[in-house]
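The lines below spell out each chain.
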Amino acid sequence: MPVALGIGGTGGGGAESKDCGTAVREKDAKAVEALYHVMASIENKLGGGEGVVGVYGSITRTGIQAVVQCLVETCGMDEYSRLVDIGAGLGRPLMHAIVHPGVRSSWGVEVDIIKWEKAQVFIQQTIATLQKRGLLTKDVAVPTVDCMPVEQVTSLEPHTHGYSFWEGIPLEGKRAFGRLFAQAATMRAIAVVQRSFRRRDPAHEMRKLAFGPVRLMGSFPVKMSGSGRGFTAYVFHKNAYTQPLRHVAPPPAETKREGRIFAYQPPVIRMLRARKAKGGASACDDANAAHGRRVQKEASQEGGDGGGA
Ligand SMILES: C[S@@+](CC[C@H](N)C(=O)[O-])C[C@H]1O[C@@H](n2cnc3c(N)ncnc32)[C@H](O)[C@@H]1O
């Protein structure tokens, strides 16, 4: 039976607020709950997760669950996927993804040596405890974290999905992540948590950070664990191919005319639209459609053309 985990209240989302992916199987929900109990007790023994550089902390369990579920529903994250967390802290989101949806591997990059040292113990002990309780198999791929700034990472391959709660990561670090994401042929999607983009087009802002063409699949408010501070989670799918503006040949079957632009529709969008046409719609689909309408409305109010490609 699906369990609605919900998303922890409001805050930070503004007009973009839309639920995205809140249903998870009961068995997975129980394993995720156990994971967070185990992580809380091990973090207490470690004396907290603080380090010496940058911001410390994670978003709440329900927030991370919503991000994971949105990546699953709209960006194909599954047991074959490999997740990378830029600014991994103690490795909470990496372990969450190992438990649900059970990704094949997960890797973190963390600049702070103190957090990195704590992460080594934190991850080993958490995974060992879950294995002892029969919640993870013995052959599970234990998440790894490297101690280095993202600016020194040379490639994200063979990873497929990315996450970053990038509050406190400098602009140069975000740009380095963007370049790596755009260059990695295996990377399909990225979720970032930050303060709201408000009236700016999130996909355009990501493009400015060197991520290349991406499509917003969902955005919703999340809260920081402990302080309850509000942030917004944005989930983007890589647009592997963008049509030129002046397209003279007949568009291929998977493109759809939007104004003067023939927009490529990734298979997931076609699938979601087909599902909607049959009477069903996911929260992400609604979020995406609402976002598109908002961007179009803002563009027409400003007399622009929507900033296409
Ligand atoms: C808000 S924390 C998020 C921690 C973790 N992802 C989580 O959600 O639990 C951001 C992390 O990014 C790290 N960080 C800051 N600048 C960085 C950089 N240039 N390269 C890699 N990590 C960085 C910080 O040390 C901090 O641990």
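Our structure's up above, just so we're on the same page.
Not measured: the values here are computed from a predicted model.

(A) Looking closely at the site of the ligand. In the neighbourhood of the ligand, 26 residues make up the surrounding shell, with Gly 54, Ser 58, Gly 87, Gly 89 and Gly 173 lying closest. Those elements that place two or more of their residues in the shell around the ligand are β3 (82–86), α3 (92–99) and β4 (105–110). Residues belonging to the shell around the ligand are distributed by class as follows: 11 nonpolar, 8 polar and 7 charged.

(B) Representation of the nonpolar core within the structure. Val 67, Leu 71, Ala 191, Ala 233, Val 235 and Phe 236 are the most contacted members of the largest nonpolar core, which totals 62 residues. Counting residues per element, this core draws most heavily on helix α2 (residues 61–75), which supplies 7 residues. Discounting chain neighbours no more than four positions away, the residues touching Val 67 are Tyr 163, Ala 191, Ala 233 and Val 235.

(C) Up close: unusual backbone geometry. In this structure, Pro 101 follows His 100 across a cis peptide bond, with omega equal to 10°. Looking along the chain, the bond that leaves Glu 157 and enters Pro 158 is cis, with omega of 10°. For Pro 158, the position within the fold is in the loop between β5 (144–147) and β6 (161–165). Phi angles above zero are rare outside glycine, and Arg 198 is one such case at about 50°. Relative to the helices and strands, Arg 198 is located in the loop between β7 (189–194) and α6 (202–208). One non-glycine residue, Ala 210, adopts positive backbone phi at about 80°. Mapping Ala 210 onto the fold places it in the loop between α6 and β8 (214–223). Residue classification places Ala 210 among the partly exposed positions, given that 16 C-beta atoms sit within 10 Å.

(D) Broad picture of α2. Across its 15 residues, α2 extends 20 Å between first and last C-alpha, which sits within 8% of the 21 Å expected from 1.5 Å per residue. Of all 15 residues making up α2, 12 are buried, and the element is well covered by its neighbours. Three or more residues of α2 are buried, namely Gly 63, Ile 64, Gln 65, Ala 66, Val 67, Val 68, Gln 69, Cys 70, Leu 71, Glu 73, Thr 74 and Cys 75.

(E) Spotlight on the sheet that holds β8. An order of β5-β4-β3-β6-β7-β9-β8 is seen for the 7 strands of this open sheet, with the pairing classed as mixed. Each edge of the open sheet is held by one strand with a lone partner, namely β5 and β8. Across the sheet, the axes of successive neighbouring strands diverge by a mean angle of 15°, strand direction being ignored. One ladder, built from 4 bridges, connects β4 with β5; its direction is parallel. Within β5, the position partnered with Glu 110 by the bridge is Cys 147. In the packing of helix α4 (residues 113–132) onto the sheet, the strands contacted are β4 and β5, and the crossing angle to β5 comes to about 155°.

Criteria and thresholds
- Residues numbered from 1 in each chain as written.
- Predicted model: local features only at pLDDT ≥ 70, side-chain atom pairs only at ≥ 80, totals over all residues.
- Near = placed C-beta within 6 Å.
- Helix = DSSP H or I, 4+ residues; strand = E, 2+ residues; numbered from the N terminus.
- Nonpolar A, V, L, I, M, F, W, Y, C, P; charged D, E, K, R; others polar.
- Core = buried A, V, L, I, M, F, W, Y, C linked by C-beta atoms within 7 Å.
- Buried ≥ 20, exposed ≤ 12 C-beta atoms within 10 Å, placed from the backbone.
- Contact = placed C-beta atoms within 7 Å.
- Expected span 1.5 Å × (residues − 1).
- Pairing = 2+ DSSP bridges.
- Axes fitted to C-alpha atoms, helices over the stretch in contact; angles between N-to-C directions.

None of this, on its own, says anything about what the molecule does.
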